[in-house]
Amino acid sequence: MATLRMGLIGCIVGLLVLAATAAVILVIVVTVPDPLGLLLSVIASSIPAAFYAGVILRLDRYESEPMRVVMACFAWGAIGAILLSIVASIIFEGVVADYLGPEFAPGLTVVLGAPLIEETCKGVALLVVLLIARDEFDTTLDGLVYGALVGAGFAMTENILYFGQTYLEGGLGPFGTLVVARAILGGLAHPAYTAVTGAALGWARSQYGRGWQRFVVPVLGWLGAVALHMAW
């Protein structure tokens, strides 16, 4: 019975992953309908993301992180967090437009809504890892690595959308400038934000149930990630 239940749960999770992946691919294709622009955007986003992911993994030289957790964190950033952020941002912008006026909606969504929504959606993955893979998430460094990987995945998909839109609107010149700015000079921005949340959760996990700080520090870490994102 237990085996059947686990198999059913696995099937449901697999279907959800496939549906989410298909939804993100659809968003990308609709946003960047030009084949050349899409190809250039994918290449310009995925190569730096893979490089930075490799750098992040080398931070923990003494305890290699399990590949299943590494891939899950990166995939959540690239698919799950992106999808949730898009939906939540649309809702946020609509609420702001209704209550404060449409002229305030774009600015508040970028400055306030995006940091709150995106850092929350990315942080969900870290909480799930903490719950189901506690033995692999027991130090501050573990949390930093996992958080940065989630951020790297998120940045990759977000950059595909930004690069593609820029190519469609301005061509190769603005496209190249944005690639340098976002993927090279700012390639570690999203990883750095979520690494703060992850490090705080890892520190709290390392306390093994001691002290009230283990409840407060993760919240402060999340707020720190939001603040960094907002300042950027």
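Residues numbered from 1 in each chain as written. Predicted model: local features only at pLDDT ≥ 70, side-chain atom pairs only at ≥ 80, totals over all residues. Heavy atoms only, no water.

A. Region of the structure containing the state of the cysteines. Here the structure, examined in full by the defined rule, presents 0 disulfides. In this structure cysteine 121 is a free cysteine whose sulfur lies 15 Å from that of cysteine 73, the closest cysteine sulfur available. (Disulfide = S-S within 2.5 Å.)

B. Representation of a nonpolar patch on the surface in the model. Together, Val87, Ile91, Val95, Tyr99, Leu100 and Phe104 line one region of the surface with nonpolar side chains, adding up to about 640 Å² of accessible area. Locating tyrosine 99 in the fold gives a position in helix α3 (residues 67-100). (Patch = residues over 30% accessible without salt bridge, like charges linked within 9 Å, V, L, I, M, F, W, Y side chains within 5 Å. Areas by Shrake-Rupley, 256 points an atom, 1.4 Å probe, with all protein chains shown as cover. Salt bridge = Lys/Arg side-chain N within 4 Å of Asp/Glu carboxyl O. Helix = DSSP H or I, 4+ residues; strand = E, 2+ residues; numbered from the N terminus.)

C. Summary view of the pattern of salt bridges. Summed over all chains, the structure comprises 2 salt bridges. In this structure, the salt-bridge partner of lysine 122 is glutamate 119, at a minimum N-O distance of 2.8 Å. Within this pair, lysine 122 and its partner glutamate 119 are both found in helix α4 (residues 105-132), separated by 3 residues, close to a single helical turn. Of the two residues, lysine 122 and glutamate 119, neither departs from the other in class, the shared state being buried. Where glutamate 158 meets arginine 182, a salt bridge forms, and the shortest distance between an N and an O atom there is 2.8 Å. Of the two residues, glutamate 158 sits in helix α5 (residues 140-170) while arginine 182 sits in helix α6 (residues 172-185), which places them 24 residues apart along the sequence. The pair glutamate 158 / arginine 182 is uniform in exposure class, with both members buried. (Buried < 20%, exposed > 50% of the residue type's maximum accessible area, 1.4 Å probe, protein only.)

D. Spatial organisation of helix α2 (residues 35-57). The end-to-end C-alpha distance of α2 is 33 Å, a good match for the 33 Å that 23 residues give at a rise of 1.5 Å each. By the burial criterion, the buried members of α2 are Gly37, Ser41, Ala44, Ser45, Pro48, Ala49, Tyr52, Ala53 and Ile56. Buried residues belonging to α2 abut α3, α5, α6 and α7 (189-206). With a side-chain oxygen positioned 3.1 Å from the backbone nitrogen of leucine 36, the residue opening α2 is aspartate 34. (Expected span 1.5 Å × (residues − 1). Contact = heavy atoms within 4.5 Å. Polar contact = N/O pair within 3.5 Å; in protein donor to acceptor, adjacent residues only side chain to side chain.)

Just geometry here; none of it tells us what the structure is for.
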